[in-house]
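Okay, here's what each chain looks like letter by letter:
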Amino acid sequence: MDVRYGLSLFCMDNIPGAWRRTAAGAGLLSPAGEVAPTIFAEMSAAAVRFDAINLGQGFPDEDGPAAVLEAAREAIAQGANQYPPGRGIPDLRTAVSEHQQRFYGLVVDPDTEVLVTAGATEALTAALLALIDSPDDEVVVFEPYYDSYAAVVALAGARLRTVPLRRPDFQPDLDRLASVVNDRTRIILVNDPHNPTGAVFASEVQTEIVRLAQKHDAIIVTDEVYEHLSFHAPHVPIATLPGAVERTLTISSGGKTFSATGWKIGWVHGPAELITAVLTVKQYLTYVNGSAFQPAIAVGLRLPDSYFADAAAVLLHKHEVLGDALRTAGFEVHSPQGGYFTVADATALGGADAAEFCRALPGRVGVVAIPISAFVAPEHHAGYAGLVRFAACKRIEVLEEAASRLATLR
């Protein structure tokens, strides 16, 4: 595999102009060339204006395990308040390595194959900036996609190629996938469990991704932040499949697993030469972060199996509470297989245009949600027009209050 270090990004001519062209194509700029406001900011403001329950933003409203919180306090008290090592503190890198061996049987060298980052988003950003060399490079993503993906691909100057996920199970058509991946594909970006749909990719989908990456010499970059929030079967990292480990960068974080999204402690692991490439860019982004939070996340990764099983079970129950409320209100609900979010179709409630439905919802019933159209390219909005995303990662009493408000829709 040809490993390139991607630093051509920093010496490209006319970067602002190049970025504007690609960003405009990705829908990140308004027709006037200004930064386009996001639906997330709009809906958060509506939550405040209408004193609404915010089921739009994907963060918990409960703290994580006491042992992890106490470890952060102890680290601060013991003076872990200055810059940590550039690759991350050794104990956290070792804990990541131990975690991958413990849960997935992956052997990872903590010294050369693990890099600690400012959350999974920075890991993803640094990886794409490091590995994309040319405007001819393409990044394949599954649509709907986490909103930062298009922004980072635009920033890197590459071309975004999408493969749709279709109802009812939000799996991709394998023939369509094979038609999109080609010799210009530099990266296949996989989010599994998937945000926003809650899908878990079937084994045949994972196998085909690896086959296509091998055929076209592409790198697989995986976003696995919901790895411990897979509800019906253990998570299977693509890196565990035959032929995948040598071309896969696996990204995760402690934010979702330990309800500490504000700490922004993530990591990426993979072949040493790819990690070195990512580090080359990462050191010019945040450099380092979270010196007191890194040892705390190391404690979290070493918690007993029961913690991880309980976290998934509790979140599944919350999804069930939310799903029942949405069905009672008249939504068609797509039960998630993992992650923070439940997707529902609002068409029967007059929400064929989910964006307008979500804009009206805070004033109508005092609940905030996000249209799935926020996670797709503008030209593909019609395929997801009635779909709405609700966050289930809230306290039960909050979900129950949201349920009583949503019931008035009917």
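Everything below is about the structure shown above.
From a predicted model like this one, the values you see are computed outputs, not experimental measurements.

A. Broad picture of the overall build of the protein chain. Within the protein chain one finds 13 helices and 14 strands. Here the C-alpha atoms of the protein chain give a radius of gyration of 21 Å, agreeing with the 22 Å that 2.2 N^0.38 yields for 410 residues. The dimensions of the protein chain, computed from C-alpha atoms along their principal axes, are 55 × 50 × 40 Å. The buried share of the protein chain, taken over its 410 residues, is 57%. For the protein chain, contacts bridging at least 24 residues in sequence account for 76% of all contacts bridging at least 6. Total accessible area on the protein chain stands at roughly 16,300 Å², and carbon and sulfur atoms take up 54% of it. With 31 positive and 47 negative side-chain charges, the protein chain shows a spacing of 4 Å between the two charge centroids.

B. Layout of the sheet that holds strand β7 (residues 219–223). The strand order β2-β9-β8-β7-β6-β3-β4-β5 describes an open sheet built from 8 strands, whose pairing is mixed. The strands lining the two open edges of the sheet, one partner per strand, are β2 (114–117) and β5 (171–172). As paired elements, strand β6 (residues 185–191) and β7 share 5 bridges and run parallel to each other. Pairing of V190 across the sheet is with T222, part of β7. Packing against the sheet, helix α5 (residues 119–131) makes contact with β2, β6, β7, β8 (248–253) and β9 (266–269), and its axis sits at approximately 155° to β8.

C. Up close: helix α10 (residues 293–301). Q294, A296, I297, A298, G300 and L301 are the residues of α10 that are buried. Residues of α10 that are buried sit in contact with α3 (66–77), α4 (90–104), β2, β9 and α11 (305–329).

D. Region of the structure containing the sheet that holds strand β11 (residues 341–345). Strands sit in the order β10-β11-β14-β13 across an open sheet of 4 strands; the sheet is antiparallel. Pairing within the sheet leaves two strands with one partner each, and these edge strands are β10 (332–334) and β13 (370–371). Bridge count for β11 against strand β14 (residues 387–391) is 5 bridges, and the pairing is antiparallel. Looking at β14, one finds that F341 is bridged to A391. Of the strands in this sheet, β10, β11 and β14 touch α11, which is tilted by about 15° from β11.

E. Just the nonpolar core, in detail. In terms of nonpolar packing, the biggest core is built from 60 residues, with F142, I209, F331, F390 and L406 touching the most fellow members. Once residues within four sequence positions are removed from consideration, F142 is found in contact with V163, L165, P172, L177, I188, L189, V190, H194, F201 and I209. With 43 residues, the next largest nonpolar core counts L115, A123, V153 and Y226 among its residues.

F. Spatial organisation of the packing of aromatic side chains. Under the counting rule described, the total for this entry stands at 14 aromatic pairs. With a centroid separation of 6.2 Å and an interplanar angle of 45°, the aromatic rings of F103 and Y104 are classed as tilted. Each residue in the set F103, Y104, F258, Y307 and F308 is aromatic and connected to the rest through ring pairs, giving one cluster. Sitting over the ring of F341, R389 keeps its end group 3.6 Å from the ring centre. Lying across the ring of F59, K394 places its NZ or CZ 4.0 Å from the centre.

What counts and how
- Residues numbered from 1 in each chain as written.
- Predicted model: local features only at pLDDT ≥ 70, side-chain atom pairs only at ≥ 80, totals over all residues.
- Heavy atoms only, no water.
- Helix = DSSP H or I, 4+ residues; strand = E, 2+ residues; numbered from the N terminus.
- Rg over C-alpha atoms; globule rule 2.2 N^0.38 Å.
- Buried < 20%, exposed > 50% of the residue type's maximum accessible area, 1.4 Å probe, protein only.
- Contact = heavy atoms within 4.5 Å.
- Areas by Shrake-Rupley, 256 points an atom, 1.4 Å probe, with all protein chains shown as cover.
- Lys, Arg positive; Asp, Glu negative; His and termini not counted.
- Charge placed at Lys NZ, Arg CZ, Asp CG, Glu CD.
- Pairing = 2+ DSSP bridges.
- Axes fitted to C-alpha atoms, helices over the stretch in contact; angles between N-to-C directions.
- Core = buried A, V, L, I, M, F, W, Y, C linked by side-chain atoms within 4.5 Å.
- Phe/Tyr/Trp six-rings, centres within 6.5 Å; stacked < 30°, edge-to-face > 60°.
- Lys NZ or Arg CZ within 6 Å of the ring centre and 35° of its normal.

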